[in-house]
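Given next are the chains, with one letter for each unit.
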Amino acid sequence: YISKANIHKNILLNKIFIVISLVLLMACNNEPSIKHIDNLIDRLDDANKELLKVENEFDYLISEFKNKESVLRSMNLVVESQLLRAYLQQFEDERVVIKNDILFSNTQLNNLRDDFKDGLYDDETRKNYLDSEESAVKTIEAKLDYFSDRFANQREFLKTIDNQ
């Protein structure tokens, strides 16, 4: 004979076991997603460092351009001067946007990490959020690569003026 108390105790233990199992299963499913988020946050940290380098290069190019503007005109390098000005203006227009994108993505990723740890989303929703954040980080990285490349080329161009 099994008493009612033992039956209720077994049912309660089974429910507790199921809940613990589900929590552990969700934690296991979230682990790759959380690692991906941590990787994206690391990439944003790198992007922030790259932004500082690009800003330093921007400041250098502005200073050099001011110092060499009359030489550029005398050498009839109008198109090259206009191109340099265009890149500088383009960065000036994008700088705040890039900074805000980095801050926003960082906040989004930290919130997403917390939500994933709490098991708030199903697999498809997690994938969609991760894809969206991956795209945002890639866009930031691409913008910084673009300006880093253009500014390096302009630095080389200005160095050639020194050699002439």
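Residues take numbers from 1 onward in each chain, read along the sequence in its written order. Residues qualify for local features only when their pLDDT is at least 70, as the model is predicted, and side-chain atom pairs are given and counted only at 80 or more; totals for whole chains, interfaces and linings, by contrast, use all residues. The side-chain numbers reported here are obtained from all heavy atoms of the structure, hydrogens and water having been left aside.

S.K.: Just checking my understanding: could you explain the overall build of the protein for this structure?
M.R.: Going along the chain from the N terminus, every DSSP run of H or I of four or more residues is numbered as a helix, and every run of E of two or more is numbered as a strand. Secondary structure summary: the protein contains 3 helices and 0 strands in total. N-terminal to C-terminal, the α/β element order of the protein is α-α-α. For the exposure calls, accessible area comes from a 1.4 Å probe over protein chains only, and a residue counts as buried if that area is under 20% of its type's maximum, exposed if over 50%, partly exposed in between. In the protein, which comprises 164 residues, the proportion classed as buried is 28%. To be clear on the numbers: accessible area is Shrake-Rupley with a 1.4 Å probe, and residue cover counts the displayed protein chains and nothing else. Carbon and sulfur atoms make up 54% of the accessible area of the protein, which amounts to about 10800 Å² in all.

S.K.: Teacher, can you tell me more about unusual backbone geometry here?
M.R.: Apart from glycine, the bulk of residues carry a negative phi angle, and the bulk of peptide bonds sit in the trans form. Here N76, not a glycine, exhibits a phi torsion of approximately 60°, which is positive. Its location among the elements puts N76 in the loop between α1 (4–74) and α2 (78–117).

S.K.: I keep staring at a nonpolar patch on the surface and nothing clicks. Help me out?
M.R.: Residues L12, L13 and I16 make up a contiguous nonpolar surface patch of roughly 280 Å² in combined accessible area. Mapping L12 onto the fold places it in helix α1. Patch construction takes residues with relative accessible area above 30% that form no salt bridge. Like charges are linked within 9 Å, and nonpolar side chains (Val, Leu, Ile, Met, Phe, Trp, Tyr) are linked within 5 Å. The working definition used for a salt bridge is a side-chain nitrogen of Lys or Arg within 4 Å of a carboxyl oxygen of Asp or Glu.

S.K.: How should the packing of aromatic side chains be read in this particular structure?
M.R.: Only Phe, Tyr and Trp rings take part, Trp by its six-membered ring, and two of them pair if their centres are within 6.5 Å. Stacked means planes under 30 degrees apart, edge-to-face means over 60, and tilted covers everything else. The full count for this structure, using the stated rule, is 9 aromatic pairs. Ring centres of Y121 and Y129 lie 5.0 Å apart, and the angle between their planes is 65°; on these two criteria the pair is classed as edge-to-face. Exposure remark for Y129: the relative accessible area of 37% places this residue in the partly exposed category. Considering the side-chain rings of Y146 and F147, the 5.1 Å spacing of their centres and the 80° angle between planes classify their relative orientation as edge-to-face. A relative accessible area of 25% places Y146 in the partly exposed class. Given a relative accessible area of 2%, F147 falls into the buried group. Feature note: the residues F58, Y87, F91, Y146, F147 and F151 constitute an aromatic cluster, connected by ring pairs. A cation sits over an aromatic face here: R155 above Y60, 3.7 Å from the ring centre. Should the NZ of a Lys or the CZ of an Arg lie within 6 Å of a ring centre and within 35 degrees of the ring normal, that charge is described as sitting over the ring.

S.K.: So what exactly am I meant to see when it comes to the confidence of the model for the protein here?
M.R.: Interpretation of the predicted coordinates at a detailed level should be avoided for regions scoring low in pLDDT. Confidence of the predictor in every single residue is expressed as pLDDT, which spans 0 to 100. For the protein, the average pLDDT comes to 86, and 84% of its residues sit at 70 or higher. Here α1 stands out as the element of the protein with the lowest mean pLDDT, 80, in contrast to α2, whose mean of 94 is the highest.

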